[in-house]
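Summary of structural features
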Amino acid sequence: MPRLLLFIPLLLFAVLAGFLWKGLSIDPRKLPSALIDKPFPEFSLTSLQQPERILTKQDFIGQPVLVNVWATWCPSCRQEHEQLLEIAQADEIPIIGLNYKDERDLALQWLQQLGNPYQFNIYDVDGMLGLDLGVYGAPETYLLDAQGIVRYRHVGVLTAQDWQELKLMIKKGWGSVKN
């Protein structure tokens, strides 16, 4: 019996090493989302730029859109911003901003200094819409079809290569982008 007790630490080490190995093999940009093929959550929040304006899901139903979760406290969002500006300039798909757990004044300064790629910005100061979406952190980008169904979720910085892959998804599936 005492000899068997010597193998317990080895067994524990092997189990923990197995979990670590599995965790390291997961691509953090491909986190699962319970919302894929489900409607974007209902919400009623103010506009970042126009606090008196109430925005809802109905404000972007009718065409495919990207919903980009961003914040001024997010260094990766700054890195991604140039790509979003390029997408907006090409007028390929509307981008809706979801300003997540941020300060309104800082967010407005950010957009004034760096440019505004968004058709409008939902101001989610408490993060409740982010919670409904299952947001892990910013940036995250959701691709919605014209009916407001979530078709894809991208976690992390949206790169030019990521955008090309998303454009192909849009063209193949449920809508078209302008060329």
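A quick note: this is a predicted structure, and the numbers were derived from the prediction, not measured.

**Focus on the environment of Ile 122**
Structurally, Ile 122 can be placed in strand 5 (residues 120–124). Each C-alpha atom of the pair Ile 122 and Leu 45 lies 6.5 Å from the other, and the pair is 77 residues apart in sequence. Residues contacting Ile 122, with those up to four places away along its chain left out, are Phe 43, Leu 45, Thr 46, Leu 55, Phe 60, Ile 96, Gly 97, Leu 98, Asn 99 and Leu 129.

**Things to note about the environment of Leu 98**
Tracing the sequence through the fold places Leu 98 in strand 4 (residues 95–100). Take Leu 98: its relative accessible area is 0%, and that puts it in the buried class. Spatially, the C-alpha atoms of Leu 98 and Thr 141 are 9.4 Å apart, while their sequence positions differ by 43 residues.

**Details of the state of the cysteines**
Taken as a whole and judged by the stated rule, the model has one disulfide. Each sulfur of the disulfide joining Cys 74 and Cys 77 lies 2.5 Å from the other. For the disulfide bridge between Cys 74 and Cys 77, the dihedral angle about the S-S bond is near 90 degrees, and by the sign convention the bridge is right-handed.

**Notes on the sheet that holds strand 3 (residues 65–70)**
Across the sheet, five strands lie side by side as 5-4-3-6-7; this open sheet has mixed pairing. With partners counted over all chains shown, the strands left at the sheet margins are strand 5 and strand 7 (150–155), one partner each. Along the sheet, successive strands turn relative to each other by an average axial angle of 20 degrees, direction set aside. Sheet strands in contact with helix 2 (residues 75–90) are strand 3, strand 4 and strand 6 (140–144), and its direction is about 160 degrees off that of strand 3. Each of strand 3, strand 4 and strand 5 touches helix 3 (residues 104–114); the most contacted strand, strand 3, lies at about 120 degrees to it.

**Side note on the pairing of strand 6**
Taking burial as the measure, the five residues of strand 6 include five buried ones, the bulk of the element. Covered by surrounding structure in strand 6 are Glu 140, Tyr 142 and Leu 144 together with Thr 141 and Leu 143, the residues of both alternating faces. Looking at chain direction, strand 3 and strand 6 are connected through five bridges and run antiparallel. If you follow Val 69 over to strand 6, its bridge partner there is Glu 140. Judged from the five bridges that link them, strand 6 and strand 7 form a sheet pairing that is antiparallel. Considered in strand 7, the bridge of Glu 140 is made with Val 155.

**Overview of a nonpolar patch on the surface**
On the surface, a cluster of nonpolar side chains totalling about 370 Å² of accessible area is made up of Phe 7, Leu 10 and Phe 13. Its place among the elements puts Phe 7 in helix 1 (residues 2–24). Owing to a relative accessible area of 53%, Phe 7 belongs among the exposed residues under this scheme.

**Quick look at the packing of aromatic side chains**
Inspection of the entire model under this criterion finds six aromatic pairs. With a centroid separation of 5.4 Å and an interplanar angle of 85 degrees, the aromatic rings of Phe 40 and Phe 60 are classed as edge-to-face. Of the two residues, Phe 40 sits in the loop between helix 1 and strand 1 (44–46) while Phe 60 sits in the loop between strand 2 (54–56) and strand 3, which places them 20 residues apart along the sequence. Ring geometry for Trp 73 versus Tyr 100: centroids 6.4 Å apart, planes at 50 degrees, classification tilted. One end of the pair, Trp 73, is in the loop between strand 3 and helix 2; the other, Tyr 100, is in strand 4, and 27 residues separate them in sequence. Its guanidinium or amino end placed over the ring of Phe 120, Arg 53 lies 5.4 Å from that ring's centre, counting from NZ or CZ. Taking the ring centre of Trp 110 as reference, the NZ or CZ of Arg 78 above it sits at 5.0 Å.

What counts and what doesn't
Here the residue index of a chain counts from 1 through its sequence in written order. For a predicted model such as this one, the threshold for reporting local features is a pLDDT of at least 70, and the threshold for listing and counting side-chain atom pairs is 80 or more; totals across whole chains, interfaces and linings nevertheless cover every residue. Side-chain measures here rest on the full set of heavy atoms in the structure, leaving out hydrogens and waters. Starting at the N terminus, helices and strands are each numbered in turn, a helix being any DSSP run of H or I of at least four residues and a strand any DSSP run of E of at least two. Only heavy atoms matter for contacts: two residues are in contact if any of them lie within 4.5 Å across the pair. Each residue is assigned to one of three classes by its accessible area relative to the maximum for its type, calculated with a 1.4 Å probe on protein chains only: buried under 20%, partly exposed between the two thresholds, exposed over 50%. To count as a disulfide, a pair of cysteine sulfur atoms needs to be within 2.5 Å. Paired strands are those between which DSSP finds at least two bridges. Note on method: axes are straight lines fitted to C-alpha atoms, helices fitted across the in-contact stretch only, with angles between N-to-C directions ranging 0 to 180 degrees. Each patch is built from residues that are more than 30% exposed by relative accessible area and take part in no salt bridge. Like charges join if they lie within 9 Å; nonpolar side chains (Val, Leu, Ile, Met, Phe, Trp, Tyr) join within 5 Å. Every accessible area reported is derived by Shrake-Rupley at a probe size of 1.4 Å, with residue values counting cover from the shown protein chains alone. The salt bridge criterion pairs a side-chain nitrogen of Lys or Arg with a carboxyl oxygen of Asp or Glu, the two atoms within 4 Å. Two rings belonging to Phe, Tyr or Trp (six-membered ring only in the last case) form a pair when the distance between their centres is within 6.5 Å. Interplanar angles under 30 degrees mark stacking, angles over 60 mark edge-to-face geometry, and anything in between is tilted. Two conditions define a charge sitting above a ring: the NZ of Lys or the CZ of Arg must be within 6 Å of the ring centre, and it must be within 35 degrees of the ring normal.

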